[in-house]
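The chain contents come next:
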Amino acid sequence: MAASPGALDLHMPASAVSGVVPQALRGGRLLSNGPGWTRIGDRTAHPFDGHGYVRAFAFDDDGGCHLRARFVNTPSYRAEAEAGRLMHRGFATNLGQPFWRNIGFGPPRNVANTTIQRWQGRLLAGWEAGAPYALDAASLETLGEEHFGGAIAGQATLAHFKRDALQRRLVCCSIRNGRQTRFTFREVNAAGSVEVVRAVSIDGMLFTHDFAITPSSYVIGGNPLRIKPAEIVKMLLGTSTLLRSVEPDLSRPGVLHLVPRGETGPVRTVKLPGTAFVVHFANAFEHGGALVVDAAVFSRFSFGEEFCYTGPSTPFDPSLPDARGPQRLMRIRIPAGSDTATWTPLSAHGVDFPRFHPDHEGHETPALFGATRRNTQYSDPFDSLIRVDLLDRERPSMLWTAPADVFVGEPVFVPDAERPNAGHILAILSDGIANRTTLAIFDALALDAGPIAAIAMPLLPIAFHGDWDGAPIGG
Ligand SMILES: [Fe+2]
């Protein structure tokens, strides 16, 4: 991964675009967030701990594109930019020598590096276990932590939010881990007020990165964690990390927990047919009394080597075999009143970063898109994009594979205003050998035909999640 690229303002005129940027995208922006600065002093931070670097790829009316990129100005970013070395421990990153700099453990640094989305004229840069940072929509200048009127101040809030388009609400989830895991769901209305609060406690220490919603439920994965006592001691002594102090407990079949959306009602725990560790959900919806959940399910999972991380003293290694995967995109069906689910795979490929029509969250949607690997035995680093038809399940998936040594990121779907099945896919392609990043635009209904437009630029750091901003800047 490249060293810190710093703030960028880069204009790529229409003449530099291969193909033509579709009219439907002009005036909008692809937003993207990820760990922009991971080689800090003489140490490599785990990508989870790299400083958030927000990118906005704005399509001009004349067919060109303007990239604006800024670091999220968190306290740990400021401290480390000034000192030129790691100053705060992270989930998976310790400071350099001497070891006693790492003794004890406070909350890991919030680097606001995981998600980015529009909300009320601002952008929210989310992180795994803290408040999101609000950014000015146009300048990307950091405004400060967003607490939704104090509701989530001091709480470990997930980076993944859900947008209920019908109710115009943003749903967020805060978590407190212990012998039980406490989940607090809050629904923020379009005026910025918290309208619904639902808190539940579930036995066990659970790993949660994402959740799904339907009109009547919040859906969470029952991903049990086991503590590794020796690693906890080492972590407290400064020689291990929080991420290495826990491990998935895959000795039992997986479960999902269905929390009634609203303020009352018991939690339903539903058994899955096999081992399951759910990191990303795709969508969930209700169908004739049954609940349908589409999720990327791991049956083998470990922590520590995500996104090709090989330790603090070495660079990232994209050839590293993934010990976790491949994750399978599963359709999980829970009959009305039942505590047992069935499931069927939606693809033979390992799929992650599932995306779909942004207004269909919690409702049936015609297709899912994801990042995948042509070789079905592996998952990330991803070399392909996939479209899975959910209306015609007999129809083969569409697959597009990038050129050799090019990795693909999350595909963001921009729906056509009139036809929900049609639209465009935007994906960021990374070529570390040619030192080039390409923003590729696909016709969503002909994904396998390859990009209809491609915009090349100098290599950018990897990104995690993005969002489409079709509103005028600042709107
Ligand atoms: Fe995620």
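Preceding block: the structure.
Along each chain, residues carry numbers from 1 onward, in the same order as the chain's sequence is written. Given that this is a predicted model, residues contribute local features only at a pLDDT of at least 70 and side-chain atom pairs are listed and counted only at 80 or more, while totals for whole chains, interfaces and linings are drawn from all residues.

A. Main features of the environment of Thr74. The way it works is that DSSP assigns letters per residue, a run of H or I at least four long becomes a helix, a run of E at least two long becomes a strand, and they are numbered from the N terminus. Along the chain, Thr74 falls in the loop between strand E7 (65–71) and helix H1 (75–83). In this scheme every C-beta is placed from the backbone, and a residue whose C-beta has 20 or more other C-beta atoms within 10 Å is buried, one with 12 or fewer is exposed, and one in between is partly exposed. Taking the C-beta count within 10 Å as the criterion, Thr74 has 24 such neighbours and is therefore assigned buried. In the structure, Thr74 is positioned 59 residues away from Tyr133 in sequence and 8.1 Å away in space, judged by C-alpha atoms. In this description, a residue-residue contact is defined by the distance between C-beta atoms placed from the backbone, which must lie within 7 Å. Residues within four places of Thr74 in sequence aside, it is in contact with Asn110, Val111, Ala112 and Tyr133.

B. Structural detail: the sheet that holds E7. When DSSP finds two or more bridges between two strands, those strands count as paired. Spatial strand order, E1-E7-E6-E3-E35: five strands in an open sheet with antiparallel pairing. Each having just a single partner strand, strand E1 (8–12) and strand E35 (465–469) make up the two edges of the open sheet. In this sheet, neighbouring strand axes are inclined to one another by 20° on average, regardless of whether the strands run parallel or antiparallel. The sheet contact formed by strand E3 (residues 29–37) and strand E6 (residues 51–59) spans eight bridges and is antiparallel. Where helices are involved, their axes are fitted lines through C-alpha atoms of the stretch in contact, as for all axes, and angles between N-to-C directions lie from 0 to 180°.

C. Looking closely at the sheet that holds strand E9 (residues 122–126). Taking strand neighbours across the sheet as the criterion, the four strands line up as E8-E9-E10-E11 in an open arrangement whose pairing is antiparallel. Every other strand in the sheet has two partners, leaving strand E8 (115–119) and strand E11 (142–145) as the edge strands with one partner each. Direction aside, neighbouring strands of the sheet carry axes that sit 25° apart on average. Across four bridges, E9 lies against strand E10 (residues 133–136) in antiparallel orientation. Along E10, the bridge assignment pairs Ala125 with Tyr133.

What is shown is where atoms sit, not what they do.
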